[in-house]
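Examining the three-dimensional arrangement
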Amino acid sequence: MGKLIYTVITSLDGFVADEKGNFDWAEPDEAVHAFVNDLERPIATYLLGRKLYETMVAWETMDLDEQPSVIRDYAQIWRTADKIVFSRTLEKPMSARTRIERDFDPAAINRMKESADREISIGGPHLAAEAIRAGIVDEYRFFLAPVVIGRGNASLPDDARLDLELIDERRFGNEFVHLRYRTAGSRA
């Protein structure tokens, strides 16, 4: 059985982007990126909201010739994973191994988890909020950036209670901190 994992880079006050949509403060350095790559390597399928997909699809066509090894590595991870984009407006996929779903169905995601032999990642705070509210997220991986932005796009829904157990933590030289939690009482 696969786990559904929500991974997010967030400000200390819980935002993925400021109120103008900027997230330049969230760019990981090489050490954080390498760590993320190792966490993402077991992911078989990415569940993505439209906005995050439109940001991430650059990994599909990026010229890798002049890029550092951590960038080339992540591009390979992205390109080999299946992607499901939840959108009512996106007409067609812009990447390989991608399909579009119009509606998010927690029961369908649970069936996917039951049949999966690898991990499933959910990304985009609005899509993740639906999964969080439905109680189907098994693990949370927060990368805290050393910045407070005041307001913007929240990483977690404000109407859900989460009882979590800390299972890992790591501090990086660039002052980022990784916190890994599992849903209280879950297997992981």
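Residues numbered from 1 in each chain as written. Predicted model: local features only at pLDDT ≥ 70, side-chain atom pairs only at ≥ 80, totals over all residues. Heavy atoms only, no water.

Next up on the list: the packing of aromatic side chains. Applying the stated criterion across every chain, the model contains 8 aromatic pairs. Measuring from ring centre to ring centre gives 6.1 Å for Phe35 and Phe143, while their planes differ by 75 degrees; the resulting arrangement is edge-to-face. Of the two residues, Phe35 is situated in helix α1 (residues 30–40) and Phe143 in strand β7 (residues 139–145); the sequence distance between them amounts to 108 residues. With relative accessibility at 0%, the residue Phe143 sits in the buried group. Centre to centre, the rings of Phe142 and Tyr181 are 6.2 Å apart; their planes meet at 70 degrees, and the pair counts as edge-to-face. With Phe142 in strand β7 and Tyr181 in strand β10 (residues 177–183), this pair connects stretches of sequence that are 39 residues apart. Here Phe142 falls in the buried class, since its relative accessible area comes to 10%. Across the ring face of Trp78, the terminal group of Lys83 is positioned such that the distance to the ring centre comes to 4.7 Å. (Phe/Tyr/Trp six-rings, centres within 6.5 Å; stacked < 30°, edge-to-face > 60°. Helix = DSSP H or I, 4+ residues; strand = E, 2+ residues; numbered from the N terminus. Buried < 20%, exposed > 50% of the residue type's maximum accessible area, 1.4 Å probe, protein only. Lys NZ or Arg CZ within 6 Å of the ring centre and 35° of its normal.)

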